Amino acid sequence: MDNVSLTNETHINKTDLKTQYFQDGYIVVRKFFTREEITAIYDEARGVFAYQIERTIGKKVDINNQDEFEAGMYEFFQKDFDAFVNTGKQVQHLVSLHRLGTDARITELLQSIGLSYPIIAVRPAMMFNSRHLAKKQDYWKLGAHQDWRGGQGSLDSIVMWFPLVDCDTDLGGLQVLPGSHKRGLFAGSDVDYISSIQEELPEDDFKQLELEAGDILIFSTFTVHRSGTNVTPHIRWTSQFRFNNLEEPTFVDRGFPLPYIYKPTPELLFPGFPKQEQVEQVFK
């Protein structure tokens, strides 16, 4: 029961699905989305980067030519890091990505494994990991950690992680520690946006996962996991959604905490911009 198919044509035993999730702290559901749905988001995200790649390196890149596009990504990263970071933030806000995160199929699945009132915990994330797109290792290969510390939401909160491309062992697919969710919150040391677990963990107990575009991985925010090692020259493109359960008792008792902070920058990023005539030009 490690891999479950959930499609319109395939009936699944939701009791077994929940049992497996409760036991292992994760489940892999094959072909949950269509490959076309995922590829459309992948193409759009690369298209957004292509705008800035052209501006930065002075030439267009073909997003469907993997070597050409990724060479453009790596050059963009080196030549204008700030714009690269900003572009990375923009793709988190794709309408297509947010629309997918509100799909009724997700709500149905979450309710089947115990989240009686699922609610979006934080905006969707899109990651594009490569050693060539990172200034230090933690930005492309995360060590063992749990996600609950970052969100501090309901005790049954979950992460839905899915690749935008086929993600095998060589590309650095996730590794999970089955059953680790039952140990609660591990001690950890802060590493930017995660808390790295310092405790010695049994290497042989980690399970390497491989997912194709359209597959999803659901895991408890208490499940210990880490990045695999991307030994290829290519980028590992993935996305994730996070959900809390509004009816989980401790979440209610704690007053629905939300530690993520979104706020505007008060100062102008480009002093003197925009001029009146620039604004007028937009509306001609």
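See the structure printed just above.
Residues numbered from 1 in each chain as written. Predicted model: local features only at pLDDT ≥ 70, side-chain atom pairs only at ≥ 80, totals over all residues. Heavy atoms only, no water.

Chemist: Go over the overall build of the chain with me, naming the residues and quoting the values.
Modeler: Looking only at helices and strands, the chain features nine helices and eleven strands. Taken along the three principal axes of its C-alpha coordinates, the chain extends 60 × 45 × 45 Å. Burial analysis of the chain (284 residues in total) assigns 47% to the buried set. Counting only carbon and sulfur atoms, one obtains 52% of the accessible surface of the chain, whose full area is about 15300 Å². (Helix = DSSP H or I, 4+ residues; strand = E, 2+ residues; numbered from the N terminus. Buried < 20%, exposed > 50% of the residue type's maximum accessible area, 1.4 Å probe, protein only. Areas by Shrake-Rupley, 256 points an atom, 1.4 Å probe, with all protein chains shown as cover.)

Chemist: How would you sum up the packing of aromatic side chains? Please name residues and give values.
Modeler: Overall, the coordinates contain 16 aromatic pairs when judged by the stated rule. Taken together, a centroid distance of 6.5 Å and an interplanar angle of 70° make the contact between Phe 49 and Phe 76 edge-to-face. Residue Phe 49 is found in helix 2 (residues 35–57), and its partner Phe 76 is found in helix 3 (residues 66–79); the two are separated by 27 residues along the sequence. Take Phe 49: its relative accessible area is 0%, and that puts it in the buried class. Each residue in the set Tyr 42, Phe 49, Phe 76, Phe 77, Phe 81, Phe 84, Phe 128 and Trp 237 is aromatic and connected to the rest through ring pairs, giving one cluster. The side chain of Arg 226 reaches across the aromatic face of Phe 206, ending 3.8 Å from its centre. (Phe/Tyr/Trp six-rings, centres within 6.5 Å; stacked < 30°, edge-to-face > 60°. Lys NZ or Arg CZ within 6 Å of the ring centre and 35° of its normal.)

Chemist: Lay out the environment of Met 160 with the relevant residues and their values.
Modeler: By secondary structure assignment, the location of Met 160 is in strand 4 (residues 158–163). Under the relative-accessibility criterion, Met 160 is labelled buried at 0%. Remark: the alpha-carbon pair of Met 160 and Met 127, spanning 33 residues in sequence, is separated by 13 Å. With residues up to four places along the chain from it excluded, the contact list for Met 160 reads Phe 33, Ile 106, Leu 109, Ile 216, Leu 217, Ile 218, Ser 239, Gln 240 and Phe 241. (Contact = heavy atoms within 4.5 Å.)

Chemist: Can you explain the pairing of strand 4? Please cite residues and give values.
Modeler: With six of its six residues buried, strand 4 lies for the most part within the structure. Burial along strand 4 is two-sided: Ile 158, Met 160 and Phe 162 and Val 159, Trp 161 and Pro 163, pointing in opposite directions, are all buried. Bridge count for strand 4 against strand 9 (residues 216–220) is four bridges, and the pairing is antiparallel. Residue Ile 158 lies in a different strand from strand 9, and its bridge partner there is Ser 220. Two elements, strand 4 and strand 11 (residues 236–245), share six bridges in a ladder whose sense is antiparallel. Along strand 11, the bridge assignment pairs Phe 162 with Ser 239. (Pairing = 2+ DSSP bridges.)

Chemist: Explain helix 6 (residues 104–112) to me, using residue names and the numbers behind them.
Modeler: Residues three or four positions apart in an α-helix share a direction because the helix packs 3.6 residues into each turn. If you check which residues of helix 6 are buried, you get Ile 106, Leu 109, Leu 110 and Ser 112. One face of helix 6 carries all of its buried residues, which in axial projection span an arc of 160°. Downstream of helix 6 by one or two residues, Gly 114 has phi in the positive range, about 115°. (Arc of directions from axis to C-beta.)

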